[in-house]
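# Observations on the model geometry
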Amino acid sequence: MNTPRIEVLSSRVHGKGVFALTGFIAGETVIEYVGEIISMGEAQRRHPHDPSNPEHTFYFHIDDARVIDGLYGGNASRWINHSCRPNCEPVERDGRIFIQTRRQVWRGEELTFNYGLVSDEPMTDVLKTKYSCRCGAKKCKGTMLA
């Protein structure tokens, strides 16, 4: 039996977060981002997951046509928070998304990656605020938008 290496707990960044129960070396795969694979059109139809918080979703864009909806069939990966100075990064392999460490991660550390969100709307202060970042990094951009 495999011992769990990550755990979902309350996060100081936002809501729930994913934390390392053991250390990870740089370049190590932590978890696959899984869920129902749907079309971009279906993702737009389903949006928002929570009408009271429309900017919070569990979508992960694979490419221009396909999206992973982590709300359905997802795992702990959907709770990994954004950071402007992340310790992980998503890596695409054969149409699948894996969360991999960018550097050594210590036991107890929250796992994060840069969401790099994109929007069709013009980049304004209002839009940046809509997708505000709470990562607390010294050089935080203040937004989760790319």
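One can find the structure itself at the top, above this paragraph.
Here the structure is a predicted model, which is why all the values come from computation and not from measurement. Position numbers for residues count from 1 along each chain, tracking the sequence in the order it is written. Only residues with pLDDT of at least 70 get local features here, since the model is predicted, and only at 80 or more are side-chain atom pairs given and counted; chain-wide, interface and lining totals rely on the full set of residues. Remark: hydrogens and water are excluded; side-chain values derive from all non-hydrogen atoms of the structure.

## Observations regarding the packing of aromatic side chains
Pairing of aromatic rings covers Phe, Tyr and the six-membered ring of Trp, with a centre-to-centre limit of 6.5 Å; geometry is then stacked below 30 degrees between planes, edge-to-face above 60, and tilted otherwise. Per the counting criterion, the structure on display carries four aromatic pairs. Ring centres of Phe58 and Trp79 lie 5.0 Å apart, and the angle between their planes is 75°; this geometry places the pair in the edge-to-face category. Placement of the pair is Phe58 in the loop between helix H1 (40-46) and strand E5 (59-61) and Trp79 in the loop between strand E6 (66-69) and strand E7 (81-82), with a sequence separation of 21 residues. Classification of residues uses two cut-offs on accessible area relative to the type maximum, computed with a 1.4 Å probe and protein chains only: under 20% is buried, over 50% is exposed, and between them is partly exposed. Classification of Phe58 by relative accessible area gives buried; the value is 7%. The class for Trp79 is buried, based on a relative accessible area of 18%. Taking 5.2 Å as the distance between ring centres and 50° as the angle between the ring planes, the aromatic pair formed by Phe113 and Tyr115 counts as tilted. By relative accessible area, which is 29% here, Tyr115 ends up partly exposed. A ring has a charge above it when a Lys NZ or an Arg CZ is no more than 6 Å from the ring centre and no more than 35 degrees off the ring normal. The ring of Phe24 carries Arg5 above its face, with NZ or CZ at 4.0 Å from the centroid. Lying over the aromatic face of Trp79, Lys16 brings its terminal NZ or CZ to 4.6 Å of the ring centre. Under the DSSP-based scheme used, a helix requires at least four consecutive residues in state H or I and a strand at least two consecutive residues in state E, with every element numbered from the N terminus.

## Some thoughts on the side chain of Asn81
Looking at where Asn81 falls in the secondary structure, it is placed in strand E7. Given a relative accessible area of 7%, Asn81 falls into the buried group. Under the rule applied, a polar contact is a pair of N or O atoms within 3.5 Å (in protein, one hydrogen donor and one hydrogen acceptor; residues adjacent in sequence only if both atoms are side-chain atoms). For Asn81, the side chain forms a polar contact with the side chain of Glu110, separated by 2.9 Å. Ignoring any residue separated from it by four or fewer positions in sequence, one finds Asn81 in contact with Ser11, Val13, His14, Lys16, Gly17, Glu110, Leu111, Thr112, Phe113 and Tyr115. Here a residue-residue contact requires only that any non-hydrogen atoms of the pair lie within 4.5 Å.

## A closer look at the sheet that holds strand E4 (residues 36-39)
Strand order across the open sheet formed by three strands is E4-E6-E5, with antiparallel pairing between neighbours. Both edges of this open sheet fall to E4 and E5, since each of them pairs with a single strand only. Neighbour-to-neighbour, the strand axes of this sheet turn through a mean angle of 35°, independent of strand direction. Strands qualify as paired when DSSP identifies two bridges or more between them. Pairing geometry for E5 and E6, over three bridges, is antiparallel. Axis definition: a line fitted to C-alpha atoms, over the contacting stretch in the case of helices. Angles run 0 to 180 degrees between N-to-C directions.

## Considering the sheet that holds strand E9 (residues 96-101)
Overall, antiparallel pairing links the three strands, which are arranged E3-E9-E8 in an open sheet. Only two strands of the sheet have a single partner each, and these edge strands are strand E3 (29-33) and strand E8 (88-93). The sheet shows a mean angle of 30° between the axes of neighbouring strands, taken without regard to direction. Bridge analysis of E8 against E9 gives six bridges, and the strand direction is antiparallel. Considered in E9, the bridge of Val91 is made with Phe98.

## Looking at the environment of His82
For His82, the position within the fold is in strand E7. Using a relative accessible area of 3% as the deciding quantity, one classes His82 as buried. Separated by 68 residues in the primary sequence, His82 and His14 have C-alpha atoms spaced 8.9 Å apart. Among residues more than four places away in sequence, those in contact with His82 are Val13, Thr112, Phe113, Asn114, Tyr115, Cys133, Cys135, Thr143 and Met144. Only 3.0 Å separates the side chain of His82 from the backbone nitrogen of Tyr115, close enough to count as a polar contact.

Scope: geometric values only; no functional claims are made or implied.
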